[in-house]
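# Residue-level structural notes
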Amino acid sequence: MKALDRKVLRDLHLLWSQALTIALVVASGIGGFLATLSAVGSLAGARDDFYASGRFADVFASVKRAPLSMTSRLLEIPGVADVQTTVESAARVTVPGSADPVIGQLIGLDARQPQRLNRVRLRSGRWPEGGRGAGGEIEAVVTESFAEAHHLRPGATVSALINGKRRNLRITGTALSPEYIFGGLMGMPDLRAFGVFWIDHDELAAATDMVGAFNHVALKLGPGASEPKVLDHLARRLAVVGGAPAHGRAEQGSHAMLADEIRSQRVLGTVLPVILLGVAGFLLHVVTARLVATQREQVAALKALGYRDSSIALHYLKLVAPMVLGGYLLGLALGHLMGAGLTALYAEFFRFPRFHYRMPVGLALAALGLVCMTAVLGTLTAVAATVRLSPAEAMRPPSPGRYRRALLERVPWLRLPPSLRMIVRNLERRPLRAAVTIGGMAVAVAIVIMGNFLRDAMDTIVDTQFNIGMRSDIVVWTTEAVDAGAAARELSRLPGVLEVEAGRRLNVRFIHGPRSEKGLLDAYPGRPSLQRVVDVEQVARLPGTHGVLMTDRLAHKLGLEPGEMVTVELREGRREVLQLRVERTVRDMMGLNAFIERGNLNRALGDGDLANFFSLRTGPSAATPVLNATQDLPKVAGAFSKATMLRNMQEVSARNVLIMSSILTAFAAVIAVGVVYNNARIALAERTWELASLRVLGFSRGEVSALLLGELAIGIALALPLGMFLGWGLTHAVVGLMQTDQFMFPVVIRPRTYAWAGLCVVAAGVASALVVRRRIDRLDMVAALKTRE
């Protein structure tokens, strides 16, 4: 073994505890990087495989009723490679033993003919057959997630309200579809409230008066086809049969949720590892720089004996290599474990025929490259100055520092005790080290804040959307716009209903100059009480009285300012075009929407008093009877209970937020321990002679420890407010990167989150200080006071 290699082993033995903390920081960064990106890669890979094998369509549209003969005309649209028409119907579903309202999407399926697009994959049981069972039941296959949520097995029976008639559906199996990978209601991950049922095509067509017709069409585009042009052609051809807005994959509910999740997790998988590996590089720099400083004479001797600068630099890289490679291997195992766990969480909400976790070799090699780059940069910047010295210059001790009174000592009215004066002077003489140490601990505070802000954000979303905005207990929507007064009176007569408020919602396109965006135009009463527009500051805003109240994101995308005119093109019904003034903007969390007073909207359209959804406030314990009673109303398409939706959503979000905050808190604790402990060990190594001298002069162990640990205490005290501000900025930056058109996370950080972040870092600092205190107590004063002449 070479002499320099033996020196590496001796130095590693002396620095084992510091090497361990550095390895843990590296492992945290690599683990987070690999876990997030490998899980997202597995999710994207499973999606792409299912889309390919299931021939997922590119364009979708719904119509009221179109003859099957129109299929050939749709195939003639330039760019269209294939067309599949189906009969579909939304239905109120009742599951035995459950009082929760359920919306079912019924899709006609002909098991005798293979599907060309959106192929359904049977997971268990068998396909439904035509005809009725002995009890008049219609056979159906249901989505796997819904069956698991309600514990439905083949042979179980549910009832569905189809076209105003109650029908029994007998489950024959479970299935998956690329069109419904994500199952939820209104974009919420609610597996209990929404299910897809595939039943015999002829049975559904007969039940919905669709024999010889279709009401849903899916198109597959050919290579090089222009989706906007196909959408335009499709909309014109379907307009004659009452076509609803056609849309591409970007607006398809399941695909949009998948795309948003992949995008947001890629942001997290990039930002956090960069921070953690940056801290690791800083620690490597500090530890290596301290070691090189104490080994100046050894470096000089090596250069005098003929060792080249590159050999000496390589020697210190060999010293760092076990730290970072050990951290990499630990991070590889940690990333695999966390990535598999994250994939298992995804599998609960996103259903694929095959969804296996895999760690790509290229990703692992990229992580190794990041580790090597961190090691090289952190090490070479520390050894460069000393290695460049000539042997004679390196043999000479470093120039003594300039000693003078600290800034605080120059304040006339401030009298510092001797111990505090020594602490302040030492901090001021090494401002760069003190600043970087404080910055490292501040980063730990910021990461805890960012990890736990999700809990505050979810609480704010729930409070804003479900308590301040949605003050009703039940929301009912109709198959089409109905007379608001008559429908409201009919609903108010239901036992338990205390108040009814009518609203209208339209799919529209907002146009301003060359810019356009699809969104919703919601119409509320002039002063709504049950369904209100609430901004991120939780202040209720009134809808536009002579124009529209528009979300700020939509106004920004369209380049609109209050007072300017916007063209509103309806994407349903008569497809009328309105010119409306933007009265005000609002920072709303959900979607690209605009809000208008319902009477003004109806007058602008030349309609009577129309509405297509109703908010109901009910008495105590009356929600379930009212929901059951609405099933007998012929024009009611569906209804949901706020309490049920809120309960189901919180069951999911509470666990996921807890997992995320726990992981990030653990990473932050590793950073805090790494920064505090390494700084304390370096300070102890540099000031061993000074501390031993004080012990000889009569200072107690506690007084000597206070001099060293006091610096750590001051550093933590300064890092806490800085870290809280940094956490606020980091959270804003990450949320801005994750923001989508459909949803904006509110940046709300409550005092409890700041307190928890401070407590975590203080606890990590105290633990590190206790370890260093033990070393101070065991200080060998004789060895420390020996001088090397």
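Described in the following lines is the structure provided in the data block.

This paragraph deals with the packing of aromatic side chains. Across all of its chains, the model carries twelve aromatic pairs by this definition. Note on Phe182 and Phe350: the rings are 5.8 Å apart at their centroids and 40° apart in plane angle, and the pair reads as tilted. Remark: Phe350 occurs in the loop between helix H9 (309-349) and helix H10 (361-387) and Phe182 occurs in the loop between strand E8 (165-176) and strand E9 (194-200); sequence separation between them is 168 residues. In this structure Phe350 comes out as buried when scored by relative accessible area, which is 5%. Consider the rings of Phe352 and Phe355, whose centres lie 5.1 Å apart with planes at 70°: the pair is edge-to-face.

Turning our eyes to something else, we now look at the environment of Ser310. Mapped onto the elements, Ser310 comes out in helix H9. Using a relative accessible area of 46% as the deciding quantity, one classes Ser310 as partly exposed. In sequence terms Ser310 and Ile671 are 361 residues apart; their C-alpha atoms lie 31 Å from each other.

We now examine the packing of helix H13 (residues 431-469) against helix H20 (residues 701-738). Two elements in contact, H13 and H20, have axes separated by 6 Å at closest approach and are oriented at 45°. Classified by the angle between their axes, H13 and H20 sit oblique to one another. Between H13 and H20 lies a crossing whose hand is right-handed. Its residues assigned to classes, the contact of H13 with H20 shows 19 nonpolar, four polar and no charged.

Here we come to a nonpolar patch on the surface. On the surface, Trp16, Leu20, Leu24 and Leu330 cluster together into a nonpolar patch covering about 390 Å² of accessible area. It is helix H2 (residues 16-53) that provides the largest number of residues to the nonpolar patch, a total of three residues. For Leu20, the location among the structural elements is in helix H2. Residue Leu20 is classed as partly exposed on the basis of its relative accessible area of 45%.

In this section: the pattern of salt bridges. Counted according to the given criterion, the structure contains 26 salt bridges. Linking Glu129 and Arg126 is a salt bridge whose minimum nitrogen-to-oxygen distance equals 3.9 Å. For Arg126, a relative accessible area of 33% corresponds to the partly exposed category. Note that Glu537 is salt-bridged to Arg587, the shortest N-O span being 3.7 Å. Here Glu537 is found in the loop between strand E15 (533-534) and strand E16 (540-541), whereas its partner Arg587 is found in the loop between strand E19 (577-586) and strand E20 (593-597), with 50 residues between them in sequence. The class for Glu537 is partly exposed, based on a relative accessible area of 48%. Judged by relative accessible area, Arg587 falls into the partly exposed class, the value being 39%. Three or more residues are tied together by salt bridges with common partners; here these are Arg123, Glu144, Glu148 and Arg351.

Now for the pairing of strand E14 (residues 515-524). Two strands pair when backbone bridges link them, and strand E13 (residues 497-512) and E14 are joined in this way by nine bridges, in the antiparallel orientation. Residue pairing across strands places Arg505 opposite Asp522, the latter belonging to E14. Joining the antiparallel neighbours E13 and E14 is a turn of two residues, in which Gly513 adopts a positive phi near 65°. Across five bridges, E14 lies against E20 in parallel orientation. Within E20, the position partnered with Tyr524 by the bridge is Glu597.

Let us look at the sheet that holds strand E11 (residues 247-248). Read from one edge of the open sheet, four strands run E2-E10-E1-E11, paired in antiparallel fashion. At either margin of the open sheet sits one strand with a lone partner, and together these are strand E2 (80-86) and E11. Across the sheet, helix H6 (residues 227-238) is in contact with strand E1 (59-67), E2, strand E10 (213-221) and E11; its angle to E1 comes to roughly 10°.

Another aspect to go through is the side chain of Thr21. The topology assignment puts Thr21 in helix H2. Leave out the neighbours within four places in its chain, and Thr21 touches Val673, Gly674, Tyr677 and Asn678.

Take the pairing of strand E21 (residues 610-618) next. With seven of its nine residues buried, E21 lies for the most part within the structure. Relative to E21, strand E12 (residues 474-483) is paired through six bridges, and the arrangement is antiparallel. Directly across from Ile474, in E21, lies its bridge partner Leu616. Alignment of E13 against E21, held across six bridges, turns out to be antiparallel. Opposite Glu501, over in E21, you have Ser615 as the bridge partner.

Another point: empty space enclosed by the protein. Taken as a whole and assessed by the stated rule, the structure comprises four cavities of 30 Å³ or more. In this model, the largest cavity occupies a volume close to 110 Å³. As for the largest cavity, its lining consists of 16 residues, of which Thr143, Ser145, Tyr180, Ile181 and Gly183 are closest to the centre. Looking at the lining of the largest cavity, the elements that each hand over two or more residues are helix H4 (144-149), E8 and E9.

Quick notes on the rules
- Residues numbered from 1 in each chain as written.
- Predicted model: local features only at pLDDT ≥ 70, side-chain atom pairs only at ≥ 80, totals over all residues.
- Heavy atoms only, no water.
- Phe/Tyr/Trp six-rings, centres within 6.5 Å; stacked < 30°, edge-to-face > 60°.
- Helix = DSSP H or I, 4+ residues; strand = E, 2+ residues; numbered from the N terminus.
- Buried < 20%, exposed > 50% of the residue type's maximum accessible area, 1.4 Å probe, protein only.
- Axes fitted to C-alpha atoms, helices over the stretch in contact; angles between N-to-C directions.
- Parallel < 35°, antiparallel > 145°, perpendicular 65-115°, else oblique.
- Left-handed = near helix turned anticlockwise from the far one by under 90°.
- Nonpolar A, V, L, I, M, F, W, Y, C, P; charged D, E, K, R; others polar.
- Patch = residues over 30% accessible without salt bridge, like charges linked within 9 Å, V, L, I, M, F, W, Y side chains within 5 Å.
- Areas by Shrake-Rupley, 256 points an atom, 1.4 Å probe, with all protein chains shown as cover.
- Salt bridge = Lys/Arg side-chain N within 4 Å of Asp/Glu carboxyl O.
- Pairing = 2+ DSSP bridges.
- Contact = heavy atoms within 4.5 Å.
- 1 Å grid on protein atoms, 1.4 Å probe; cavity = no way out; pocket = protein on both sides within 12 Å on 5 of 7 lines; lining within 4 Å.
- Points joined across faces, edges and corners; volume = space filled by probe spheres on them.

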